[in-house]
Amino acid sequence: MSLNVKERRNKGGTVLVATGEINSETSGQLLQSLLPLVREGRPLRIDLTAVTYVSSAGLRTLLVVYREAQHAGVAVTLYGVSEEVRFVMSATGFLDFFETGEAAAAQSKAKPAVKTAVAR
Amino acid sequence: MTEARSEQVLRVDAYPTHEVGGYRVRAGKPFPFGANVVPGGVSFSVFSDQATSMTLVIFKRGEPEPMAELEFPEEFRTGSVFAMTVFGLDHENIEYGYRADGPYDPVSGHRFDARQVLSDPYARLISGRDVWGVEPDRSRGYQYRSRVCLQDFDWGDDTPLGLPAEDLVVYETHVRGFTRHPSSGVTAPGTFAGLREKIPYLKELGVNCVELLPVFEFDESDNMRSNPETGEHLFDYWGYNTVSFFAPKAGYAATGRYGMQGDEFRTLIKDLHAAGIEVILDVVFNHTAEGNEQGPTISFKGLDNATYYMLTPEGYYFNFSGTGNTVNCNHPVVRNFVLDCLRHWVADYHIDGFRFDLAAILGRDLDGTPLPNPPLLEMLAYDPVLRHTKLIAEAWDAGGLYEVGNFPAYGRWAEWNGKYRDTVRSFLKGDPGVTGELATRIAGSPDLYSTRGTSASVNFLTAHDGFTLADLVSYNDKHNEANGEGNNDGANDNNSWNCGAEGPTDDPEINRLRTRQMKNAIAILMTSQGIPMLLSGDEVARTQQGNNNTYCQDNELSWFDWDQVDENAELLRFTREMIAFRGRHRELRSTSHPTGQVRESLGLPDISWHGERAWQPDWSADSRLLAVARCGTGDDDVVYVAMNAHWEAHDLELPALPHGRSWHLFADTGAEAPHDIRTPGGEPELENAGKYLIGPRSVVILVGRTPDPEL
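All of these numbers come straight from a predicted model, not from anything done at the bench.

Definitions and cut-offs
- Residues numbered from 1 in each chain as written.
- Chains lettered and ligands numbered in written order.
- Predicted model: local features only at pLDDT ≥ 70, side-chain atom pairs only at ≥ 80, totals over all residues.
- Heavy atoms only, no water.
- Salt bridge = Lys/Arg side-chain N within 4 Å of Asp/Glu carboxyl O.
- Helix = DSSP H or I, 4+ residues; strand = E, 2+ residues; numbered from the N terminus.
- Buried < 20%, exposed > 50% of the residue type's maximum accessible area, 1.4 Å probe, protein only.
- Axes fitted to C-alpha atoms, helices over the stretch in contact; angles between N-to-C directions.
- Parallel < 35°, antiparallel > 145°, perpendicular 65-115°, else oblique.
- Left-handed = near helix turned anticlockwise from the far one by under 90°.
- Contact = heavy atoms within 4.5 Å.
- Nonpolar A, V, L, I, M, F, W, Y, C, P; charged D, E, K, R; others polar.
- Core = buried A, V, L, I, M, F, W, Y, C linked by side-chain atoms within 4.5 Å.
- Pairing = 2+ DSSP bridges.
- Buried area = accessible area lost by both parts, 1.4 Å probe.
- Polar contact = N/O pair within 3.5 Å; in protein donor to acceptor, adjacent residues only side chain to side chain.
- Phe/Tyr/Trp six-rings, centres within 6.5 Å; stacked < 30°, edge-to-face > 60°.
- Lys NZ or Arg CZ within 6 Å of the ring centre and 35° of its normal.
- Expected span 1.5 Å × (residues − 1).
- pLDDT = per-residue confidence, 0-100.

Engineer: Explain the pattern of salt bridges to me, using residue names and the numbers behind them.
Structural biologist: A side chain of one charge can pair with a side chain of the opposite charge if their charged atoms are brought near each other. For the structure shown, the criterion picks out 39 salt bridges over all chains. A salt bridge links arginine 60 of chain A to aspartate 263 of chain B, with the shortest nitrogen-to-oxygen separation between them at 3.0 Å. Here aspartate 263 of chain B lies in helix α5 (residues 261–274) and arginine 60 of chain A lies in helix α2 (residues 56–72), a pairing that spans two chains. In this structure, lysine 390 of chain B engages glutamate 278 of chain B in a salt bridge whose closest nitrogen and oxygen atoms are separated by 2.9 Å. Residue lysine 390 of chain B is found in strand β20 (residues 390–393), and its partner glutamate 278 of chain B is found in strand β18 (residues 278–283); the two are separated by 112 residues along the sequence. Both residues of the pair, lysine 390 of chain B and glutamate 278 of chain B, belong to the buried class. Salt bridges linked by common partners bring Asp282, Arg355, Asp357 and Glu394 of chain B together as one network.

Engineer: Can you break down the packing of helix α1 (residues 27–40) of chain A against α2 of chain A residue by residue, with the values?
Structural biologist: Residues and elements named next belong to chain A. Across the interface, α1 lies against α2 with an axial gap of 10 Å and an inter-helix angle of 15°. If you check the angle between α1 and α2, you find them roughly parallel. Where α1 crosses over α2, the handedness of that crossing is right-handed. The segment α1 lies against α2, with Ser27, Leu30, Leu31, Leu34, Leu35 and Val38 engaging Ala57, Gly58, Thr61, Leu62, Val64, Val65, Glu68, Ala69 and Ala72. Taken together, the residues that form the contact of α1 with α2 break down as eleven nonpolar, three polar and one charged.

Engineer: Talk me through the nonpolar core; I want residue IDs and the actual numbers.
Structural biologist: Residue and element names in this part refer to chain B. Residues Tyr201, Phe265, Leu281, Phe354 and Phe356 are the most contacted members of the largest nonpolar core, which totals 152 residues. Setting aside anything within four residues of it in sequence, one finds phenylalanine 354 in contact with Ile280, Leu281, Val283, Leu342, Trp345, Val346, Leu386, Thr389, Lys390, Leu391 and Ile392. Grouped together as the second largest cluster of nonpolar side chains are 34 residues, Ile58, Phe72, Tyr96 and Leu303 included.

Engineer: Explain the sheet that holds strand β4 (residues 76–79) of chain A residue by residue, including any values.
Structural biologist: Residue and element names in this part refer to chain A. With mixed pairing, five strands are arranged side by side in an open sheet as β1-β2-β3-β4-β5. Bordering the open sheet on either side are β1 (3–10) and β5 (99–100), each of which pairs with just one other strand. Two strands pair when backbone bridges link them, and β4 and β5 are joined in this way by two bridges, in the parallel orientation. Residue pairing for β5: leucine 78 is matched across the bridge by threonine 100. The strands touched by α2 within the sheet are β2 (13–22), β3 (44–54) and β4, with β3 carrying the most contacts at an inclination of about 170°.

Engineer: So, the interface of chain B and chain A: which residues are in play, and what are the values?
Structural biologist: The interface is formed by 26 residues belonging to chain B together with 27 residues belonging to chain A. Where chain B abuts chain A, roughly 2,100 Å² becomes buried across the two surfaces, and 51% of that area is made up of carbon and sulfur atoms. At the junction of chain B with chain A, the criterion picks out five salt bridges. Here arginine 196 of chain B ties to aspartate 96 of chain A by a salt bridge, and the two come within 3.5 Å at their closest N and O atoms. Counting every contact that joins chain B to chain A gives 14 residue pairs in polar contact (both at pLDDT 80 or more). Contributing elements (two or more residues each) for the side of chain B that touches chain A: α1 (3–6), α3 (192–197) and α5 of chain B. Counting residues per element, the side of chain B that touches chain A draws most heavily on α5 of chain B, which supplies five residues.

Engineer: Describe the packing of aromatic side chains, with residues and values.
Structural biologist: Residue and element names in this part refer to chain B. Taken as a whole and assessed by the stated rule, the structure comprises 55 aromatic pairs over all chains. Ring geometry for phenylalanine 356 and tryptophan 413: centres 4.8 Å apart, planes at 50°, overall tilted. In this pair, phenylalanine 356 is assigned in strand β19 (residues 353–356) and tryptophan 413 in strand β21 (residues 413–416), connecting sequence segments 57 residues apart. Take phenylalanine 356 and tryptophan 413: they sit in the same class, and that class is buried. Across from the ring centre of tryptophan 416, 4.0 Å away, lies the NZ or CZ of arginine 355, which sits over that ring.

Engineer: So, the pairing of strand β30 (residues 662–668) of chain B: which residues are in play, and what are the values?
Structural biologist: All names here are of chain B. The buried count for β30 comes to seven of seven residues, which makes it a mostly enclosed element. Where β30 meets strand β32 (residues 698–705), six bridges bridge the pair, whose relative direction is antiparallel. Counterpart to histidine 664 in the pairing with β32 is valine 703.

Engineer: For helix α7 (residues 332–349) of chain B, give the residues involved together with the corresponding values.
Structural biologist: Residue and element names in this part refer to chain B. Taking 1.5 Å per residue as the helical rise, α7 with its 18 residues ought to reach 26 Å, and the 25 Å between its terminal C-alpha atoms agrees with that figure. Along α7, the residues classified as buried are Val334, Arg335, Phe337, Val338, Leu339, Cys341, Leu342, His344, Trp345, Val346 and Tyr349. Backbone geometry just downstream of α7 places histidine 350 in the positive-phi region, at approximately 60°.

Engineer: Describe the pairing of strand β15 (residues 209–212) of chain B, listing the residues and the values that go with them.
Structural biologist: Residue and element names in this part refer to chain B. Residue alternation in β15 divides its side chains into two sets, Cys209 and Glu211 and Val210 and Leu212, and both sets are buried. Bridging between strand β14 (residues 170–173) and β15 involves four bridges; their strand directions are parallel. Across the sheet, residue threonine 173 finds its bridge partner in β15, namely leucine 212. For β15 and β18, the ladder comprises four bridges, and the chain directions are parallel. When the sheet's bridge partners are listed, valine 210 is paired in β18 with valine 279.

Engineer: Quick one: what's the story with the sheet that holds strand β13 (residues 145–147) of chain B, residue by residue and with numbers?
Structural biologist: Strands pair in a sheet through their backbones, by hydrogen bonds, and they do so in one of two ways: parallel or antiparallel. Residues and elements named next belong to chain B. Across the sheet, five strands lie side by side as β6-β5-β9-β13-β12; this open sheet has antiparallel pairing. The open sheet has two edge strands with one neighbour each: β6 (68–71) and β12 (125–127). This sheet shows a mean twist of 35° between the axes of neighbouring strands, independent of strand direction. Relative to β13, strand β9 (residues 94–101) runs antiparallel, the two sharing two bridges. What sits directly across from glutamate 95, in β13, is arginine 147.

Engineer: How would you explain the confidence of the model for chain A if you had to name every residue and give the values?
Structural biologist: Regions with low pLDDT carry predicted coordinates that are not meant to be interpreted in detail. Looking at chain A as a whole, its pLDDT mean stands at 83, while 83% of the residues score no less than 70. Below a pLDDT of 50 lies the segment residues 103–120 of chain A, which in the model reaches 26 contacts outside its immediate sequence neighbourhood of four places, other chains included.

Engineer: An account of the side chain of asparagine 330 of chain B is requested, with residue identities and associated values reported.
Structural biologist: Residue and element names in this part refer to chain B. Positionally, asparagine 330 belongs in the loop between α6 (300–308) and α7. A polar atom in the side chain of asparagine 330 sits 2.9 Å from the backbone oxygen of arginine 364. One polar contact links the side chain of asparagine 330 to the main-chain amide nitrogen of leucine 376, over a distance of 3.0 Å.

Engineer: Tell me about unusual backbone geometry, residues and numbers included.
Structural biologist: Residues and elements named next belong to chain B. Cis peptide bonds are those with omega within 30 degrees of zero, and the linkage from phenylalanine 31 to proline 32 qualifies with -5°. Checked against the element boundaries, proline 32 lands in the loop between β2 (23–27) and β3 (34–38). Of note, the bond from alanine 673 into proline 674 is cis; its omega dihedral lies within 30 degrees of zero at 10°. The topology assignment puts proline 674 in the loop between β30 and β31 (691–694). In this model, histidine 350 sits at a positive phi of 60°, which is unusual for a non-glycine residue. Of note, histidine 350 is situated in the loop between α7 and β19. Phi at serine 445 is positive, roughly 50°, even though this residue is not glycine. Assignment of secondary structure puts serine 445 in the loop between α10 (435–442) and α11 (446–449).

This is the structure we're talking about:
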């Protein structure tokens with residue numbers, strides 16, 4: 001299955017909407033789309049609502065994006081993580097690195113300042 | 001561009017030089033062995049001394065037939081190592097194996113069969129048994145498939161913890177059994193992720209080291225027996241039958257079906273470390289799942305049988321392990337294999353230590369003769385990567401070699417102290433003539449470890465192999481009928497006592513006595529010098545209904561029943577406070593054996609023995625009462641432990657204390673809860689300073705310290 005990505009820019013930052021599967025075949029394409037957005041320095045949200053599966057290679061790609069964002073001081077947030085993907089990310093420790101939708105919303109009320117993507 | 005991406009370097013070896021079977025390839029690097037991702041491709045490296053040719057077999061993930069078979073060109077062989085880099089592979093979506101061709105001549109030790117696809121001994125991941133208990137498709141030609149794995153886990157600042165050995169409290173448990181019971185309440189029962197959810201329980205209990213039964217890939221379905229009563233299929237539940245030594249068991253991971261068991265296991269280790277808990281793996285290098293002449297060919301048999309296994313002059317398998325074959329551990333190639341394997345688990349998984357199953361075999365020569373200076377044991381002791389890793393031997397084997405106290409230690413190896421287990425069990429049930437040896441065992445077994453210190457002794461009363469603590473006080477005999485072997489399996493010398501009725505009973509007196517005996521056992525274990533090891537579930541009286549060999553029981557007989565945490569809260573509290581007490585008293589964890597030397601600060605010896613009369617221990621054969629007082633240096637408290645295995649109460653005269661100190665009551669297993677134990681530091685002062693009545697079959701622990709005005 002392929003992966004489609006679309007960018008949407010708004011006042012607060014950039015949203016990248018992904019549709020399909022993130023695996024070893026498609027993660028290179030995702031990385032190509034995400035790295036330029038990270039370098040722009042605007043807060044970045046990755047919307048995974050329409051992503052059905054993230055493989056081991058896919059999770060590694062997301063973590064590479066996180067590490068790049070950390071270097072650049074850019075906040076990266078994952079949105080719309082399905083229950084299955086969230087479970088896999090949680091069991092393998094990847095979820096610990098990211099701000100995810102709900103957690104980010106709760107924190108943004110308390111701390112509106114720009115934050116890094118580290119959740120722990 | 002950020003730093004991480006600015007350092008890309010063009011590499012000469014990123015370009016192919018040959019074409020084999022339609023794939024672009026070049027000579028690989030012989031080291032490291034296994035499949036390693038390199039620029040543009042995957043480098044495959046495998047050893048076989050006698051193979052005449054070697055073929056790399058590649059499958060698209062899950063497909064029954066190979067997508068490619070690439071024979072190693074002759075020029076890709078260095079010595080006896082075949083190495084090839086294959087370009088353009090999607091490493092996540094392939095499985096691989098080898099066909100090794102060579103002589104089939106069992107008398108000479110060779111069993112080559114090029115029809116078989118063999119697992120890579122160095123495979124970091126194995127697929128084929130991805131979800132526990134799923135019946136495998138046995139018609140597939142290649143069951144245990146090697147997979148490529150990236151070694152890029154983000155550990156943050158985690159490293160092995162390096163806790164002092166003498167401070168450990170080891171908790172032996174089974175990854176699946178710990179949370180598989182429906183009462184566990186975890187998201188993914190029976191997995192690494194499930195165990196991770198129970199870290200708060202372990203932390204609250206106070207243990208600082210978990211010892212996991214085997215987690216290397218094994219095949220739980222390789223047991224062909226059934227329960228004779230229920231007809232239920234029996235598993236190879238414990239997993240002492242390794243299929244692949246570098247791969248974590250996929251069926252223990254909630255994400256095993258996605259091939260993410262490595263990440264899931266590492267995440268568990270990382271979080272255990274964050275909670276201050278070390279991880280020791282129970283490793284099995286004495287035999288493999290390939291069995292004897294009738295067993296399956298999985299890997300070693302087909303790659304280099306004569307190197308990896310001890311063989312008789314006629315080419316049959318020596319069997320010092322009791323399971324069919326014996327790994328040829330002191331062959332130079334196999335020594336390196338074991339070393340590489342352990343380095344892998346320390347470097348790539350941050351494992352803190354290893355317990356070696358039937359470790360006496362590791363000291364045998366190529367023909368089985370015990371070696372005076374076994375090179376493998378020496379190598380492991382001095383290896384730079386393993387330098388601070390705990391090494392614990394099960395210092396005996398099934399071939400009759402018993403080395404407890406004599407294991408070649410090189411200043412590094414500790415041992416499961418089987419003599420500690422046998423002596424304390426015997427004392428607890430009231431056997432005569434044990435008091436003298438009990439003193440030796442609780443003082444850290446100086447007769448066995450005089451030059452190695454107390455932390456060479458891993459003290460335990462129960463382990464996975466044998467009765468649980470609750471069964472030790474509930475059964476005189478083993479009840480292993482469910483294993484389908486006519487109750488002939490499992491140990492017969494259990495030193496157990498049922499307290500008056502075999503198995504469960506409604507008799508409140510017997511049940512009270514059993515609870516007291518369990519508390520006595522835990523109290524003695526936690527106040528003995530040496531490293532204490534607790535069997536998972538003993539703190540809540542887990543029962544196996546008298547089965548002392550549940551290797552095949554993947555059910556309630558083996559699983560931790562979490563309802564017992566509430567039902568047996570009294571014993572759990574007792575255990576927790578005993579562990580905390582050990583942590584508070586350095587004198588119990590001293591690395592050197594006591595000598596009787598008087599501590600100048602207190603005017604008391606580091607250890608002193610007492611009976612009904614202070615300073616007068618009774619070493620006679622009929623004595624079933626012994627008290628010990630330990631005294632540390634400086635401001636340490638004095639700890640007095642009286643152990644009465646007699647069925648009658650005794651009046652104890654307490655030794656006098658210097659410098660304004662007085663006796664405070666920490667624990668009395670003869671008292672009803674909650675007065676059986678106190679919180680360490682909150683012990684009330686004894687009203688009658690010089691005396692204490694110890695009840696029948698009870699342990700009393702007193703602390704000699706300065707009174708706290710607030711208590």
